[in-house]
Amino acid sequence: MNDQSARHELGIRDCPACNQSGQAAIRLPGYDFEEWKLGACKTCRFVYLLNPPETEALVDELAFEKSFWERKAKRRSVARNAAAWARKQLAGFRRRSSGSVDRILCTGRVLDVGCRGGKRLQPPVIPYGIEISRTLFEEAETHMRARGGYCLHTSGSEGISRFESGFFDGILMHSYLEHETEVLPVLKGAHRCLKQDGRLYIRVPNFASINRRVMGRSWCGFRYPDHVNYFTPRSLRAVVSIAGFDVKILNWFRLPVDDNIHALLTKAV
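Presented here is a report on the structure given in the accompanying data block.

1. Things to note about the overall build of the chain
Step number 1: Tallying secondary structure elements over the chain gives 9 helices and 11 strands in all.
Step number 2: When contacts within the chain are restricted to residue pairs at least 6 apart in sequence, those whose partners lie at least 24 apart make up 61%.

Structure below.
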């Protein structure tokens, strides 16, 4: 059994934000699902999956395009209960971000980490990507090559290390960091390969939202086992600052009722 398999079996993943031992994590059994165990770091209170799947499983067996639809079908099965009704009411108070990525990352070379099919970045951007799902990588590679960039078929932490320092004008992590077991290595890699005046756009589920408190285990932000991190505005600020970034929360005024956090990162001076 390799190290990653052992950690999965024992549920001892270390905190991805401060590296505190997973053995000291505070269990959150009310949010467990089947064999998947949620915990909070005793030191920094970062919430994360204690026993994430092995990376190899995300290539095919637990690939995004499979797990997303399976999880969505399960959420539909509870659509008539009281919590789902409350979620629907709260949704009326939220407004979706429109065109944020196009406005922020609009020129030059841009890297989309966890790029899925590779079509989120629009011209005149030269798109680059990293995608672990075999099927989605093949789609993204075809699309990005046609526009002067390319896609890497690997994990985020390994892929981002292949790019030279200061290579990108912008980086996109849209619905990605919640999937990444190696949060700090990826963020530090992004800091290295981003130009000094470059920008990093992040979108992650908001564990601090009212909707999560109302919905409990049925909250839309939970998707086990491929969501392995659960951010709050406070924990996101803490982890990106360790990687050398300043952060601006773009949707701060509606955070209490928004299921997602939208943030813009720039290199700290």
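On we go from here.
2. Considering the sheet that holds strand S7 (residues 168-174)
Strand pairing in a sheet takes place through backbone hydrogen bonds and is either antiparallel or parallel in direction.
Step number 1: Pairing is mixed in the open sheet, where 7 strands are placed in the order S6-S5-S4-S7-S8-S11-S10. Each of the sheet's edge strands pairs with one partner strand only, and the pair in question is strand S6 (151-152) and strand S10 (245-249).
Step number 2: In terms of strand pairing, strand S4 (residues 109-113) meets strand S5 (residues 126-130) through 5 bridges, oriented parallel. Bridge pairing in S5 places Val113 opposite Ile130.
Step number 3: Against the sheet, helix H7 (residues 183-193) makes contact with S7, strand S8 (194-205), S10 and strand S11 (260-267), and its axis sits at roughly 150° relative to S8, the strand it touches most.

3. Points about helix H9 (residues 233-242)
Step number 1: Those residues of H9 not exposed but buried are Ser235, Leu236, Val239 and Val240. Angular distribution of buried residues about the axis of H9 spans 125°; they occupy a single face of the element.
Step number 2: Each element contacted by the buried residues of H9 is listed here: H7, S8, strand S9 (229-230), S10 and S11.
Step number 3: Just past H9, the residue Gly244 takes up positive phi, approximately 100°.

4. Quick look at the packing of aromatic side chains
Step number 1: Within the structure shown, the criterion is met by 21 aromatic pairs.
Step number 2: Taking 6.1 Å as the distance between ring centres and 65° as the angle between the ring planes, the aromatic pair formed by Tyr31 and Phe207 counts as edge-to-face. Of this pair, Tyr31 sits in the loop between strand S1 (26-27) and strand S2 (38-40) while Phe207 sits in the loop between S8 and helix H8 (210-215); the two residues are 176 residues apart in sequence, bridging distant segments of the chain.
Step number 3: On the numbers, 5.2 Å between centres and 40° between planes, the contact of Tyr31 with Phe222 is tilted. One end of the pair, Tyr31, is in the loop between S1 and S2; the other, Phe222, is in the loop between H8 and S9, and 191 residues separate them in sequence. Grouping residues by exposure puts Tyr31 and Phe222 together as buried.
Step number 4: Within the aromatic cluster, the residues linked to one another by ring pairs are Tyr31, Phe33, Phe207, Trp219, Phe222, Tyr224 and Tyr230.

How each quantity is defined
Residues numbered from 1 in each chain as written. Predicted model: local features only at pLDDT ≥ 70, side-chain atom pairs only at ≥ 80, totals over all residues. Heavy atoms only, no water. Helix = DSSP H or I, 4+ residues; strand = E, 2+ residues; numbered from the N terminus. Contact = heavy atoms within 4.5 Å. Pairing = 2+ DSSP bridges. Axes fitted to C-alpha atoms, helices over the stretch in contact; angles between N-to-C directions. Buried < 20%, exposed > 50% of the residue type's maximum accessible area, 1.4 Å probe, protein only. Arc of directions from axis to C-beta. Phe/Tyr/Trp six-rings, centres within 6.5 Å; stacked < 30°, edge-to-face > 60°.

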